[in-house]
Amino acid sequence: MLRSLSLKRAFRTHLRTVIHYPQPPPPPPLPFSPFRTLSTASPSSSSSESEIRKYLGYTALLLFCGAATYYSFPFPQNAKHKKAQIFRYAPLPEDLHTVSNWSGTHEVQTRHFHQPESLQELEELVKESNEKRAKVRPVGSGLSPNGIGLARGGMVNLSLMDKVLEVDKEKKTVRVQAGIRVQQLVDEIKEYGLTLQNFASIREQQIGGILQVGAHGTGAKLPPIDEQVISMKLVTPAKGTIELSKEKHPELFYLARCGLGGLGVVAEVTIQCVERQELVEHTAVSNIKDLKKNHKKMLSDNKHVKYLYIPYTDTVVVVTCNPVSKLRGPPKFKPKYTKDEAMQHVRELHKESLKKYRAREITTKSPDNEPDINEFSFTELRDKLLALDPLNKDHVMKVNQAEAEFWRKSEGYRVGWSDEILGFDCGGQQWVSETCFPAGTLSKPSMDLEYIEELKQLIEKEEIPAPAPIEQRWTARSQSTMSPASSSSEDDIFSWVGIIMYLPTMDARQRKEITDEFFHYRHLTQALFWDKYSAYEHWAKIEVPKDKEELEALQARLKMRFPVEAYNKARKELDPNRILSNNMLEKLFPLSDNV
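Residues numbered from 1 in each chain as written. Predicted model: local features only at pLDDT ≥ 70, side-chain atom pairs only at ≥ 80, totals over all residues. Heavy atoms only, no water.

J.: Help me get a handle on the overall build of the chain, residues and values and all.
T.: Along its length, the chain carries 16 helices and 21 strands. With 595 residues in all, the chain has 48% of them scored as buried. Residue pairs in contact within the chain that sit at least 24 positions apart in sequence constitute 72% of those at least 6 positions apart. Summed over all atoms, the accessible surface of the chain reaches about 31,200 Å², with 52% contributed by carbon and sulfur. (Helix = DSSP H or I, 4+ residues; strand = E, 2+ residues; numbered from the N terminus. Buried < 20%, exposed > 50% of the residue type's maximum accessible area, 1.4 Å probe, protein only. Contact = heavy atoms within 4.5 Å. Areas by Shrake-Rupley, 256 points an atom, 1.4 Å probe, with all protein chains shown as cover.)

J.: Can you break down the environment of Lys297 residue by residue, with the values?
T.: Mapped onto the elements of the fold, Lys297 is located in helix H7 (residues 288–301). Of note is the side chain of Lys297, whose polar atom sits 2.7 Å from the side chain of Asp301. (Polar contact = N/O pair within 3.5 Å; in protein donor to acceptor, adjacent residues only side chain to side chain.)

J.: Account for the sheet that holds strand S12 (residues 265–272), with residues named and values stated.
T.: The 5 strands lie next to each other as S7-S8-S12-S10-S11, forming an open sheet whose pairing is antiparallel. Two strands bound the open sheet, and with one partner strand each, they are strand S7 (164–168) and strand S11 (240–245). Taken over all neighbouring pairs, the strand axes of this sheet differ in orientation by 10° on average, direction set aside. Here 6 bridges tie strand S10 (residues 229–236) to S12, and the two strands are oriented antiparallel to one another. Considered in S12, the bridge of Ser231 is made with Thr270. (Pairing = 2+ DSSP bridges. Axes fitted to C-alpha atoms, helices over the stretch in contact; angles between N-to-C directions.)

J.: Hey, could you go over helix H3 (residues 119–132) for me, with residue numbers and the actual values?
T.: Between the first and last C-alpha of H3 there are 20 Å, a value that for 14 residues agrees with the 20 Å anticipated at 1.5 Å per step. Listed as buried for H3 are Leu119, Leu122, Leu125, Val126, Ser129 and Asn130. On an axial view of H3, the arc spanned by its buried residues comes to 125°, and they lie on one face. For H3, exposure combined with an orientation more than 90 degrees from the buried face picks out Gln120, Lys127, Glu131 and Lys132. Considering only its buried residues, H3 is in contact with strand S4 (113–114), strand S6 (155–156), S10 and S12. Arg133 sits one or two residues past H3 and shows a positive phi near 55°. (Expected span 1.5 Å × (residues − 1). Arc of directions from axis to C-beta.)

J.: Which residues make up the nonpolar core, and what are the values?
T.: In this structure, Leu122, Leu185, Leu263, Ile271, Met482, Trp539 and Phe589 are the most contacted members of the largest nonpolar core, which totals 69 residues. Apart from residues lying up to four places away in sequence, Leu185 is in contact with Val164, Val174, Val176, Ile180, Leu196, Ile207 and Ile271. Grouped together as the second largest cluster of nonpolar side chains are 38 residues, Val318, Val497, Ile514 and Tyr521 included. (Core = buried A, V, L, I, M, F, W, Y, C linked by side-chain atoms within 4.5 Å.)

J.: Describe the sheet that holds strand S16 (residues 316–323), naming the residues involved and giving the relevant values.
T.: Sheet strands pair via backbone hydrogen bonds, and the direction of the pair is either parallel or antiparallel. The antiparallel open sheet is built from 8 strands, whose spatial order is S17-S14-S16-S15-S19-S20-S18-S21. Edge positions in the sheet fall to strand S17 (412–417) and strand S21 (536–537), since each of these pairs with one other strand and no more. By the bridge criterion, 6 bridges tie strand S19 (residues 470–476) to strand S20 (residues 492–502) in an arrangement that is antiparallel. Looking at the pairing, Thr475 lines up with Phe494 of S20. Along the sheet, helix H13 (residues 508–533) makes contact with strand S18 (430–441), S19, S20 and S21, crossing S20 at roughly 160°.

J.: Tell me what's going on with the packing of helix H9 (residues 378–388) against helix H10 (residues 393–408), and back it up with residues and numbers.
T.: Interhelical geometry of H9 versus H10 gives an angle of 165° and a closest axis separation of 9 Å. The pairing of H9 with H10 is recorded here as roughly antiparallel in orientation. Crossing of H9 against H10: the hand is right-handed. Two secondary-structure elements touch here, H9 through Phe378, Arg382, Leu385, Leu386 and Leu388 and H10 through His395, Val396, Val399, Glu403 and Phe406. Taken together, the residues that form the contact of H9 with H10 break down as 7 nonpolar, 1 polar and 2 charged. (Parallel < 35°, antiparallel > 145°, perpendicular 65-115°, else oblique. Left-handed = near helix turned anticlockwise from the far one by under 90°. Nonpolar A, V, L, I, M, F, W, Y, C, P; charged D, E, K, R; others polar.)

J.: Which residues make up H10, and what are the values?
T.: For H10, with 16 residues, the first-to-last C-alpha span of 22 Å sits near the 22 Å given by 1.5 Å per residue. Where H10 is concerned, the buried positions are His395, Val396, Met397, Val399, Asn400, Ala402, Glu403, Ala404, Phe406 and Trp407. Tucked inside the fold, the buried residues of H10 contact strand S14 (278–286), strand S15 (304–309), S16, helix H8 (339–358) and H9. Between the side-chain oxygen of the N-cap and the backbone nitrogen of Asp394 there are 2.9 Å, and the N-cap of H10 in question is Asn392.

J.: Can you lay out a negative patch on the surface for me, pointing to particular residues and giving the numbers?
T.: Residues Asp547, Glu549, Glu550 and Glu552 make up a contiguous surface patch of negative charge. Position of Glu550 relative to the elements: it lies in helix H14 (residues 548–561). Residue Glu550 is classed as partly exposed on the basis of its relative accessible area, which comes to 43%. (Patch = residues over 30% accessible without salt bridge, like charges linked within 9 Å, V, L, I, M, F, W, Y side chains within 5 Å. Salt bridge = Lys/Arg side-chain N within 4 Å of Asp/Glu carboxyl O. Lys, Arg positive; Asp, Glu negative; His and termini not counted. Charge placed at Lys NZ, Arg CZ, Asp CG, Glu CD.)

J.: Outline unusual backbone geometry, listing residues and values.
T.: Cis geometry marks the peptide bond from Ala468 to Pro469; its omega dihedral reads 0°. Despite not being glycine, Glu463 shows a phi value in the positive range, around 55°. Positionally, Glu463 belongs in the loop between helix H12 (448–462) and S19. Its identity is not glycine, yet Arg578 carries a phi of approximately 60°, on the positive side. With respect to the helices and strands, Arg578 occurs in the loop between helix H15 (564–574) and helix H16 (583–588). For Arg578, a relative accessible area of 2% corresponds to the buried category.

J.: Which residues make up the pattern of salt bridges, and what are the values?
T.: If you walk through the whole model with that rule in mind, you get 28 salt bridges. Through salt bridges with shared partners, a single ionic network connects Glu166, Arg175, Lys233 and Glu268.

J.: Describe in detail the pairing of S14, supporting the description with residues and values.
T.: Both S14 and S17 contribute to a ladder of 6 bridges, which runs antiparallel. Directly across from Leu279, in S17, lies its bridge partner Gly416. In this structure, S14 lies alongside S16, joined through 8 bridges in antiparallel fashion. Within the sheet, the bridge partner assigned to Val280 lies in S16 and is Asn322.

Spelled out as structure tokens, the structure:
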């Protein structure tokens, strides 16, 4: 079974069978009939009969088409009547699989999904694929919201290359195979007293994937994760395996650290680690007015900080994390509310909403076929609430208000190791757009809170059914030239803002409606804010426009921010047959000699 990827048989209820009927041979000439020759009908009468037969034929054809459509149309599972099984859908070939990203928003069908177990196997695969001009697009854990690693022609996944190869406790470095997952890496270097400098929200990413898309954690003094990499091995189609570092091929090193999988398959990575330490997480509720007074101090004084904004409320959840004081120790704090008390308002809203939307009595005890709502976490219950009416602004507002109340009753402290504390429950399947823009320096932060104020005003003006949270984080700059936070100035800091819409249902029509609304939401933010704030989307969340003019505008915009010419030049040299590329890369970074 493929590890860390949602790999499933491509049995799809939305596939439609197209049946082609062979054309019948023309009828033979009618034999001579005495009845025809002796007929007394006039020419005009014969013409009338011909017309009648023609329209009767059309009627019969129309009835047949209607019946065929009715009996073959894929009704939803909750339809009140069953469809007759006249036509059956043929299964896909045994060797054809569907690979999707975690949110189920992007997927491809492929016959070629490679999982080498060693560097030698990977090198042989890339070399052979290059000779055959066969695709081997690098794909990680499939967690990118935009499916940046997917390619129909073929993929290579390094989940079986997941070993820690070397640990230097004195230098605090670790060399690993790029298929190792973040959580696995952290668990294996605990015994050496080491950990990673920073973490993204989740831990299931492969190191190679999290590096190539320029993922980040939070902390205005801490750079994105690619900046922690001090050397790497890149398996390229044209030049074999190349070792890159600040000393060896530095220009290519800084380009390939955030190379989007287009320059080579990252096989090994050496990471600069830090000492493992306990952190104190402090969660508090504030508002933008108060944040403005303390924002500079908040960014400077805290190792990790993020703001979670709740649309249609003035609530801002402020989460800070700092090392436990060696002198004072962890804070002594007794929470005002229990977990059940914090969840009370959300649970009550869930019961009320079920009465409204399902028109039936809800008792405190759920029916046997439904789990007890007390067993759900907050994010699970939020998904269930939103699923009832995800695009109803008034309903979403009530859910957001319940979330604000949940956070108000969840204020307090939590102590734990950094890999335990810095994670964040992002909720269920979702659409996300996250932008990165310059936010001044630590001594003089600028424009980052204004971005949020304008965004919240837009949501209320356009009555967008925007769920919570709008997440805002900060990082220091990166020296990787393709990073959205790249900068030549050491003092620069960058703000990352993510907007979201959840996909809390598997109903295809409802998911389509949510998708359309999300892209309308995203388009409004793009039109009003991206140029104004010099904001660029996270590489794992950028979406390729379908409109030709919009695509050309995006290509031109990317050239203004990133070294696209240098990137494409390296692609031509290292991957001349484009076996590592996919549709997204070809659209974002077109080459004149497309293969």
